[in-house]
Amino acid sequence: MTSTDAVISALRSGHDALAADVSSFGEDDLARPSGSAEWDVSEVLSHLGSGAEIGRANLQAALDGRPGPGRDFMQSVWDRWNAMTRRQRAGGFLESDRALIELYESLDRDTRTNLRIDLGFLPEPVDLATAGRMRLSEAALHAWDVRVAFDEHATLAPEATRQLLHGAPDLIGWTGKAERLDGQRAVIQVTTSEPGSEFALRLQEPISVDFDLPDKADGTLTLPAESWLRLVAGRLAPRHTPEGVATTGAADLGLLRRVFPGY
C-alpha cells in the first residue's frame, strides 16, 4: 500500500466512524460545546462539511485540468454552511465528506501518483498524498473535537495517527508560536508510543522537529503518538492528558501548551 493509499484508507475509516456517531445525534447533542473553542458540535461539522466541499472542488478542478475555484467560491460555501440549521449541518457533513472520499477512492493508480492539486493557499500545487494528509489532519482533529464533547478521554483514531505522526513536520513552525518562548531555547527529546518513534523538538525560532537526536537533551517528553499530535494542535489540556505522559527538564507541559495554542 502506498502512502496515498494509506491516507485515503484512513480518511474512509475516519469518516465511517464519525458518520456513525453523527447519525445518532439529536438536537441537544449537536448544540453541545465541542473541543474547538467557541464552536458547538454542529459548527465543527459545518467546518468539516464545507471543507470537504471546497476540497472536492479543488480536486475536481485538478482532474479537469483547470484552475481551482478561488476565494469567492470558498466564501460562498462558508456563507451557505454558516446559514444552515444544526440539523442541516449534520446532514450536509455526512453527504459532503462522503462525496470527497468517494472521489479520492475512484482515482486510478496513475492519477494517485501523478496528479498535482492547487489548494489555493500554498506556493505551488501539491501531490495527492500531501493534499489527502492535510485533509486527514483536519478530519481527525475535528472528529476529536466532536467526540470530546461526549467523552473527555477521547483520543485520535489509530489509523489517522499512524499517517500523521511524521506527515508534515514543516507545519510545526507554523503551528508553534516561538514568540511565546520569551527567548528560551531548548532541545526536547520526544519519545512516542503507538506508533513508537524518537525525534527532537527544537524550541527556538523557528520551532522545528527532526530526527537528529542530541547527545544530551535539555528535557524529555514521553507520550502516546496521538497525544503528541493533539499537543501540537492545541488539544492536550490537563483534563484531556492521559496518564503516563512524562516530562523531564525543560519539557514543561505548561510551556508547550502555550507554544502550541491550537488552530
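No experiment lies behind these values; they were computed from the predicted model shown.

A. Region of the structure containing the layout of surface pockets. What the largest pocket holds in volume is close to 1500 Å³. Taken together, 47 residues make up the lining of the largest pocket; nearest its centre are Phe121, Met134, Arg135, Ser137 and Glu138. Within the residue set of the lining of the largest pocket, elements represented by two or more residues are helix 3 (41-64), helix 4 (71-82), helix 5 (86-106), helix 7 (128-147), helix 9 (172-175), strand 5 (208-210) and helix 10 (225-232). Top contributing element to the lining of the largest pocket by residue count: helix 7, with nine residues. Taken together, the residues of the lining of the largest pocket break down into 29 nonpolar, 12 polar and six charged.

B. Quick peek at the sheet that holds strand 3 (residues 186-193). The five strands are arranged 5-4-3-6-7 in an open sheet whose pairing can be described as mixed. Two strands bound the open sheet, and with one partner strand each, they are strand 5 and strand 7 (246-249). For this sheet, the mean angle separating the axes of adjacent strands, direction not counted, is 20 degrees. Sheet analysis places strand 3 next to strand 4 (residues 197-203), joined by seven bridges and oriented antiparallel. When the sheet's bridge partners are listed, Ile188 is paired in strand 4 with Leu201. The strands touched by helix 10 are strand 3, strand 4, strand 5 and strand 6 (219-224); relative to strand 6, the strand with the most contacts, the crossing angle is about 115 degrees.

C. The arrangement of the pattern of salt bridges in detail. Summed over all chains, the structure comprises 15 salt bridges. The residue Arg12 makes a salt bridge to Glu105 at a minimum N-O spacing of 2.8 Å. Placement of Arg12 in helix 1 (residues 3-22) and of Glu105 in helix 5 is noted, with a sequence separation of 93 residues between them. A residue is classified by how much of its surface remains accessible, and Glu105, at 32% relative accessible area, is partly exposed. The salt bridge partner of Arg66 is Asp64, with a shortest N-O separation of 3.3 Å. Residue class for Arg66 comes out partly exposed when judged on its relative accessible area of 44%. Note on Asp64: relative accessible area 45%, which makes it partly exposed. Through salt bridges with shared partners, one network takes in Asp5, Arg109 and Arg112.

Scoring rules and cut-offs
Residues numbered from 1 in each chain as written. Predicted model: local features only at pLDDT ≥ 70, side-chain atom pairs only at ≥ 80, totals over all residues. Heavy atoms only, no water. 1 Å grid on protein atoms, 1.4 Å probe; cavity = no way out; pocket = protein on both sides within 12 Å on 5 of 7 lines; lining within 4 Å. Points joined across faces, edges and corners; volume = space filled by probe spheres on them. Helix = DSSP H or I, 4+ residues; strand = E, 2+ residues; numbered from the N terminus. Nonpolar A, V, L, I, M, F, W, Y, C, P; charged D, E, K, R; others polar. Pairing = 2+ DSSP bridges. Axes fitted to C-alpha atoms, helices over the stretch in contact; angles between N-to-C directions. Contact = heavy atoms within 4.5 Å. Salt bridge = Lys/Arg side-chain N within 4 Å of Asp/Glu carboxyl O. Buried < 20%, exposed > 50% of the residue type's maximum accessible area, 1.4 Å probe, protein only.

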